[in-house]
Amino acid sequence: MEIVEHIEAIRTLRPRFERLGLVPTMGYLHEGHLSLIRRARADCGAVAVSIFVNPTQFAPHEDLARYPRDLDHDLRLLRQEQVDLVFVPHNSIIYPPDFCTYVHVEQLTTMLEGRARPGFFRGVATVVCKLFNIIQPTHAYFGQKDAQQCVVVQQMVKDLNLPIQIIIGPTVREPDGLAMSSRNAYLSPTERTAATTLYRALQSAKELYVAGERNAESLRQSIQRVLAAEPLAQPEYISAADPTTLDELETIDERGVLLSLAVRIGPARLIDNILLPNKP
Ligand code: PAF
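Residues numbered from 1 in each chain as written. Predicted model: local features only at pLDDT ≥ 70, side-chain atom pairs only at ≥ 80, totals over all residues. Heavy atoms only, no water.

**What to know about the sheet that holds strand β6 (residues 165–169)**
Using the following cut-off: Pairing between two strands is assigned when DSSP locates at least 2 bridges connecting them. Helix numbers and strand numbers start at the N terminus; a helix is a DSSP run of H or I with at least 4 residues, a strand a run of E with at least 2. Each axis is a line fitted through C-alpha atoms, taken for helices only over the stretch in contact, and angles between the N-to-C directions span 0 to 180 degrees. Note on contacts: a residue pair qualifies if any of its non-hydrogen atoms lie within 4.5 Å across the two residues.
Strand order across the open sheet formed by six strands is β1-β4-β3-β2-β5-β6, with parallel pairing between neighbours. With one partner strand each, in any of the chains shown, β1 (2–4) and β6 form the two edges of the open sheet. Each adjacent strand pair in this sheet contributes to an overall mean axis angle of 25°, direction not counted. In the sheet, strand β3 (residues 46–51) pairs with strand β4 (residues 85–87) via three bridges, with the strands oriented parallel. Note that in β4 the partner of Ala48 across the bridge is Leu85. Of the strands in this sheet, β2 (20–25), β3, β4, β5 (139–143) and β6 are in contact with helix α6 (residues 120–135), which crosses β2 at around 145°.

Below, the structure written as structure tokens:
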């Protein structure tokens, strides 16, 4: 496994691989990341993983400084997965002092996470575009857990004609349904128990949908009711949106629905979603 900090070293190593799958991460790896790595290995043979806590996707009041980090643990896991290339750049490699170019995906970034976290997707799109240009993968892997990020990255790749195939992996969950996330580390045991309310809320709406409900507001209300029963849960948004445009729906038709939510539980801001019909 090659561990690389500099762009020149990536340029030297890149010709070794014909197909290369990239899993971009901010580290503190969990089963969700590992499932993407395994998928990349199966598809491409060779896998690159980037570990970079990207400062431009954090607002000044957000958790950049305390974002969980454990590089030794991450590298151990990546060795076990026989990852070929690990890119661990310092901040100054990605953002040199004279850096002044950003990628802004319009429209799709104005709602949901984009509304709650202004500037977030500008940071994500910029760093993902840079990682694509630096590593030049043939394929790149993202988790459905960050549903809007998936939509935004796919749009960027299309709009900028980037020659990369984007693959979305299913959300990986704990046995009690909590979606795996590095930020789950912020939760105390009591908050960790309360956090299962996100999945239960989504499941309540799914049950209605499966029973034939197609009124989007009824699904939003069902989610709202389950969250209201958990005193530690402070919902930020609850959405039943078109999976492609992310516009809020009134009636759900054959295009299906992306049910998503952001909820504060203690010090953690958690997000989760399900796609209906028939997606994990
Ligand atoms: O999903 C993440 O971990 C990050 O947003 C990403 C894609 C690695 C960009 O920093």
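**Overview of the pattern of salt bridges**
This is how it is decided: Here, a salt bridge means any side-chain nitrogen of Lys or Arg that lies within 4 Å of a carboxyl oxygen of Asp or Glu. Each residue is assigned to one of three classes by its accessible area relative to the maximum for its type, calculated with a 1.4 Å probe on protein chains only: buried under 20%, partly exposed between the two thresholds, exposed over 50%.
All chains considered together, the criterion is met by 16 salt bridges. With its nearest N and O atoms 2.8 Å apart, the salt bridge here joins Glu217 to Arg220. Taken together, the residues span about one helical turn, with Glu217 and Arg220 both in helix α10 (residues 216–228) at a distance of three residues. Exposure remark for Glu217: the relative accessible area of 37% places this residue in the partly exposed category. For Arg264, the salt bridge goes to Glu236, with nearest N and O atoms at 3.1 Å. Of this pair, Arg264 sits in strand β8 (residues 257–265) while Glu236 sits in strand β7 (residues 233–241), and the two are 28 residues apart along the sequence. With relative accessibility at 35%, the residue Arg264 sits in the partly exposed group. Judged by relative accessible area, Glu236 falls into the partly exposed class, the value being 35%.

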